[in-house]
Amino acid sequence: MARLRLRSALAIVVLTLLALFVALWPTLLGYGAQYALRQAQSPSLRLVWSGVHGTWRGIHIDSLESLIAVPARGTGPIKAVPVRLELRNVWIRPSLISALVNQEALSVSGEIFGGSLSGSVSSLFSVPTTTLAIAGIDLAELALFPEVRALGLRTGSVSGSITMASAKPGEIPSGTFSLAVKNFSVPSNQYTSLLKLGPQDTLDLVLEGSSTADTVSVDSLTVNSELGKLSGRGKAVFKVPQFPDKVESTAAIALSARGSERLGAWLPIMTSNAIQSDAKALTVVSSLVPCNGSSAAFNMQFGSRRLCFRNRFEKRAATF
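Conventions we followed
Residues numbered from 1 in each chain as written. Predicted model: local features only at pLDDT ≥ 70, side-chain atom pairs only at ≥ 80, totals over all residues. Heavy atoms only, no water. Helix = DSSP H or I, 4+ residues; strand = E, 2+ residues; numbered from the N terminus. Buried < 20%, exposed > 50% of the residue type's maximum accessible area, 1.4 Å probe, protein only. Contact = heavy atoms within 4.5 Å. Pairing = 2+ DSSP bridges. Phe/Tyr/Trp six-rings, centres within 6.5 Å; stacked < 30°, edge-to-face > 60°. Lys NZ or Arg CZ within 6 Å of the ring centre and 35° of its normal. Salt bridge = Lys/Arg side-chain N within 4 Å of Asp/Glu carboxyl O. pLDDT = per-residue confidence, 0-100. Polar contact = N/O pair within 3.5 Å; in protein donor to acceptor, adjacent residues only side chain to side chain. Disulfide = S-S within 2.5 Å. Patch = residues over 30% accessible without salt bridge, like charges linked within 9 Å, V, L, I, M, F, W, Y side chains within 5 Å. Areas by Shrake-Rupley, 256 points an atom, 1.4 Å probe, with all protein chains shown as cover.

Undergrad: Summarise the overall build of the chain; cite the residues concerned and give the values.
TA: When you go through the chain residue by residue, the secondary structure sums to 7 helices and 15 strands. Scored against the burial criterion, the 320 residues of the chain give a buried share of 28%. Considering only intrachain contacts with a sequence separation of at least 6, the fraction spanning at least 24 residues in the chain is 43%.

Undergrad: Talk me through the pairing of strand β7 (residues 157-165); I want residue IDs and the actual numbers.
TA: With 8 bridges joining them, strand β6 (residues 129-138) and β7 adopt antiparallel strand pairing. Each bridged residue has a counterpart across the sheet, and for T131 the counterpart in β7 is T163. Alignment of β7 against strand β8 (residues 175-185), held across 8 bridges, turns out to be antiparallel. When the sheet's bridge partners are listed, V158 is paired in β8 with V181.

Undergrad: Residues and numbers for the pairing of β8, please.
TA: Summarising the sheet, β8 and strand β9 (residues 202-211) pair through 9 bridges and their orientation is antiparallel. Each bridged residue has a counterpart across the sheet, and for A180 the counterpart in β9 is V206.

Undergrad: Outline the packing of aromatic side chains, listing residues and values.
TA: Taken as a whole and judged by the stated rule, the model has 0 aromatic pairs. The aromatic ring of W91 is capped on one face by R57, whose charged end is 4.4 Å from the ring centroid.

Undergrad: Report on the environment of K168, specifying residues and quantitative values.
TA: Here K168 lies in the loop between β7 and β8. For the pair K168 and A213, spaced 45 residues apart in the sequence, the C-alpha separation amounts to 8.4 Å.

Undergrad: Can you explain the pattern of salt bridges? Please cite residues and give values.
TA: Scanning the entire structure with this criterion turns up 7 salt bridges. The partner of R88 in a salt bridge is E65, with the nearest N and O atoms 3.6 Å apart. Here the residue R88 occupies a position in strand β3 (residues 80-94), and E65 occupies one in strand β2 (residues 58-71), the gap between them amounting to 23 residues. Relative accessible area serves as the criterion here: at 33%, R88 is assigned to the partly exposed category. R88 serves as the salt-bridge partner of E86, at 3.9 Å between the closest nitrogen and oxygen. Through salt bridges with shared partners, a single ionic network connects E65, E86 and R88.

Undergrad: Just give me the short version of the confidence of the model for the chain, but keep the residues and values in it.
TA: Across the chain, pLDDT averages 82, with 80% of residues at or above 70. Of all helices and strands in the chain, the one with the weakest mean pLDDT is helix α2 (residues 96-100) (62), whereas strand β10 (residues 215-225) scores best (95).

Undergrad: Could you give an account of the side chain of T55, with specific residues and numbers?
TA: By secondary structure assignment, the location of T55 is in strand β1 (residues 45-55). From its side chain, T55 meets the backbone nitrogen of R57 in a polar contact 3.1 Å long. Residues in contact with T55, not counting those within four places in the same chain, are P26, L29 and W91.

Undergrad: Residue-level account of the environment of R233, with values.
TA: Tracing the sequence through the fold places R233 in strand β11 (residues 228-240). In sequence terms R233 and E208 are 25 residues apart; their C-alpha atoms lie 9.3 Å from each other. Contacts of R233, omitting those with residues within four sequence positions, involve V218, D219, E248, S249, T250 and F320.

Undergrad: Go over the state of the cysteines with me, naming the residues and quoting the values.
TA: Under the defined criterion, the tally for this structure stands at 1 disulfide. Across the disulfide, C291 is cross-linked to C308 (sulfur-sulfur distance 2.0 Å). Here the S-S torsion is close to 120°, and the disulfide linking C291 with C308 is therefore right-handed. Here the residue C291 occupies a position in the loop between β13 (281-289) and β14 (298-302), and C308 occupies one in strand β15 (residues 305-314), the gap between them amounting to 17 residues. Classification of C308 by relative accessible area gives buried; the value is 1%.

Undergrad: With reference to specific residues and values, describe a nonpolar patch on the surface.
TA: Together, L132, I162 and M164 give the surface a local cluster of nonpolar side chains, amounting to about 200 Å² of exposed area. Position of I162 among the secondary structure elements: in strand β7.

In structure tokens, the structure reads:
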């Protein structure tokens, strides 16, 4: 009889503690979120938040602003680039039950730069997979920041997604990615000046690709503008994540009447006379080559390293 009473008392205590935990769950989430935000502060990450509270649906944050110092590659005087983010109406929804059955463990959503951001993390009991998506990001709002405006970005709408599996240190994460840009105004540079392109000349871009531990592939790239259409695909193989060891790409270009008018005179110069000025279509096949000979017709600077490419031109537009 005494043993039965003891078991009953223990059961009551356990049920009472469980009920108390459930009742305090929103409060615990709120305190936990604020503690995590305070612990995340560092010299390279500054956070300012307001309206943090827990609910039965998860954690809600009215606003979250961050200033991140992103290290700059290279040997120049600039050691880090400040990046600002402003999120509104942020929801963080942990799902203990789903995590226990090996499904989604956490989801995040918020409003950012006139668009939206969402993400999720799969159960931590298997190989974790992270998904992040943005929709309708307004570049005009981003351009309100001086560091972004200095890049020449003015108008455009950006959407995209990325799915990544966990990766070993020093490896590129395996996954897929996509990007869609509408009404993008190309920043002013020497080429836009030569082609007499202004803020009113915009383009649309759609890109899809995938990655593995040592390879990044662009499976489909389409760029549309009043000058014409570019379609392409390519692949880069990395020995180290920072720089590619092998790059191959193919781009098919179909010029519009306006594109022929703007670009026609430059085609012989840009292609070493392989393409004549009256061409309406061409294909450019590029590959990475060592930067120690005259065969490198085009080069790009990545931090302290220069990459050189050999281009082959064909008098037709390739099909994919």
